[in-house]
Amino acid sequence: MPTVPPGSLSVVATPIGNRDDMSTRAIATLRAADVIAAEDTRHSRPLLVHHNVDVPLVPLHEHNEREVVDGLVRRMLEGQSVALISDAGTPLVSDPGFRLVRAARAAGIRCVPIPGACAAIAALSVAGLPSDRFVFEGFLPPKAAARRGRLQALAGEPRTLIFYESSHRVAESLADMREVFGGGREAVLARELTKLFETVIGEPLDELATRVAGDPDQQRGECVLLVAGRGEEADARLAEGQRVFALLREELPPAKAAKLAAAITGAPRKSLYEAS
Ligand code: SAM
């Protein structure tokens, strides 16, 4: 099989930090392409130069994808091979490219995956959380109310949850997760994967949220947050939380009783309070 079938679209994963996490096949595919559609051509150029890839680049990002797709599809129908890359990792995973792949497939163009790095999968592979079934949620909404609403909708999800998060919101998101999922739920912060300051910390949400809030170093770089799905332990914690809440409620106002019962048992404060 030729490296790049003529008239095809190769969707090529690039590294998420370490430049050498680029497969031999990915490099060969990029070198053989007629044109490379790149999310940010200035960002990708050093990587391409490092791997001796000298092919014309066209920008394809969320603001111009609609306009450039037709031209790229036309070029592929004329027999040119196009490679798609994003700034980091696998294109289309919280990155542009969906419209191009959809249009290419609709036009009968062969789309070839050239797999490689993906931060969500790299994080899952070292998190030590159940990995047989998982849900990729991408980025949470930046506004607090929408973010909490999304988390609330996921509170009963039994599969491992994977989120991308920007470093300046990671402390806020962890605080919301503690509130909605309960401080006892296991979570993992995977930061700066494949880079110099790679850090993977796994602990209950209560400890992780407190640690990150108190340590500005944990609020730097790129992060993936993973949270264990709701399991039998979560049900047991909630039952215990409800028992402790009922006892405290006899002496304290509901908000205070819920806060203490949540801190003692790791049950979600919100569920205790709302059930009161
Ligand atoms: N397409 C990429 C992929 O395959 O992972 C994801 C692109 S998305 C725009 C960027 C987000 O991915 C970052 O905000 C962060 O949440 C996550 N990410 C990317 N590189 C990472 C790294 N080296 N370590 C941890 N998270 C990373």
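Residues numbered from 1 in each chain as written. Predicted model: local features only at pLDDT ≥ 70, side-chain atom pairs only at ≥ 80, totals over all residues. Heavy atoms only, no water.

**A few points about the pattern of salt bridges**
Under the defined criterion, the tally for this structure stands at 13 salt bridges. Between Glu172 and Arg147 there is a salt bridge; the shortest N-O distance is 3.0 Å. Here the residue Glu172 occupies a position in helix H7 (residues 170–181), and Arg147 occupies one in helix H6 (residues 144–154), the gap between them amounting to 25 residues. On the accessibility criterion, Glu172 (40% relative accessible area) is partly exposed. (Salt bridge = Lys/Arg side-chain N within 4 Å of Asp/Glu carboxyl O. Helix = DSSP H or I, 4+ residues; strand = E, 2+ residues; numbered from the N terminus. Buried < 20%, exposed > 50% of the residue type's maximum accessible area, 1.4 Å probe, protein only.)

**Here we look at the sheet that holds strand E3 (residues 57–59)**
With respect to topology, five strands assemble into an open sheet ordered E3-E2-E4-E1-E5, the strand pairing being parallel. In this open sheet, the two strands that pair with only one neighbour each are E3 and strand E5 (111–114). Strand-to-strand twist across the sheet, computed as the mean angle between neighbouring axes with direction ignored, equals 25 degrees. Alignment of strand E1 (residues 9–12) against E5, held across four bridges, turns out to be parallel. Of the residues in E5, the one forming a bridge with Val12 is Ile114. Taken strand by strand, helix H4 (residues 98–106) contacts E1, strand E4 (82–85) and E5, and its axis lies near 150 degrees from that of E1. (Pairing = 2+ DSSP bridges. Axes fitted to C-alpha atoms, helices over the stretch in contact; angles between N-to-C directions. Contact = heavy atoms within 4.5 Å.)

**Quick word on the UniProt feature "domain: Tetrapyrrole methylase" (unreviewed entry) in the protein chain**
Mapped onto the present numbering, the UniProt feature "domain: Tetrapyrrole methylase" (unreviewed entry) falls at residues 9–209. Between the C-alpha atoms that bound residues 9–209 there is a distance of 42 Å. The span itself is 39% helix and 22% strand. (UniProt positions renumbered as here; feature names shortened; annotations may be inferred.)

**Some words on the nonpolar core**
In terms of nonpolar packing, the biggest core is built from 22 residues, with Phe163, Leu174, Met177, Phe181 and Val227 touching the most fellow members. Contributing elements (two or more residues each) for this core: H6, strand E7 (160–166), H7, strand E8 (186–191), helix H8 (205–213) and strand E10 (222–227). The biggest single contributor to this core is H7, with five residues. With near-sequence residues (within four places) excluded, Leu174 lies in contact with Leu205, Leu208, Ala209, Val212 and Leu225. (Core = buried A, V, L, I, M, F, W, Y, C linked by side-chain atoms within 4.5 Å.)

**Digging into H7**
Under the 1.5 Å per step criterion, the end-to-end length of H7 is 16 Å for twelve residues, consistent within 8% with the ideal 16 Å. Of all the residues in H7, the buried ones are Val170, Ser173, Leu174, Asp176, Met177, Val180 and Phe181. On an axial view of H7, the arc spanned by its buried residues comes to 160 degrees, and they lie on one face. As for H7, its buried residues are in contact with H6, E7, E8, H8, E10 and helix H11 (269–274). (Expected span 1.5 Å × (residues − 1). Arc of directions from axis to C-beta.)

**Brief notes about the packing of helix H3 (residues 65–77) against H4**
For any two helices packed against each other, the geometry is given by the interaxial angle and the distance between the axes. Orientation of H3 relative to H4, taken along the N-to-C sense of each, is 35 degrees, at an axis distance of 9 Å. H3 and H4 meet at a crossing whose hand is right-handed. For the pair H3 and H4, the contacting residues are Glu65, Arg66, Val69, Leu72, Val73 and Met76 in the first and Phe98, Arg99, Leu100, Ala103 and Ala104 in the second. Among the residues forming the contact of H3 with H4, the class breakdown is eight nonpolar, no polar and three charged. (Left-handed = near helix turned anticlockwise from the far one by under 90°. Nonpolar A, V, L, I, M, F, W, Y, C, P; charged D, E, K, R; others polar.)

**Regarding the site of the ligand**
Around the ligand sit 19 residues, and of these Thr90, Asp95, Ala119, Tyr164 and Cys223 come closest. One of the side-chain N or O atoms of Tyr164 is found 2.6 Å from an oxygen atom in the ligand. Between Glu165 and the ligand, the recorded distance is 3.4 Å, taken from a backbone N or O atom to an oxygen atom. Notes on the ligand: free accessible area 570 Å², of which the protein chains cover 90%. Assessed atom by atom at 2 Å from the grid points, the ligand resides in the largest pocket. When contributions to the shell around the ligand are tallied by element, the ones reaching two or more residues are E7 and E10. (Near = heavy atom within 4 Å. Polar contact = N/O pair within 3.5 Å; in protein donor to acceptor, adjacent residues only side chain to side chain. Areas by Shrake-Rupley, 256 points an atom, 1.4 Å probe, with all protein chains shown as cover. 1 Å grid on protein atoms, 1.4 Å probe; cavity = no way out; pocket = protein on both sides within 12 Å on 5 of 7 lines; lining within 4 Å. Sits in = over half its atoms within 2 Å of the grid points.)

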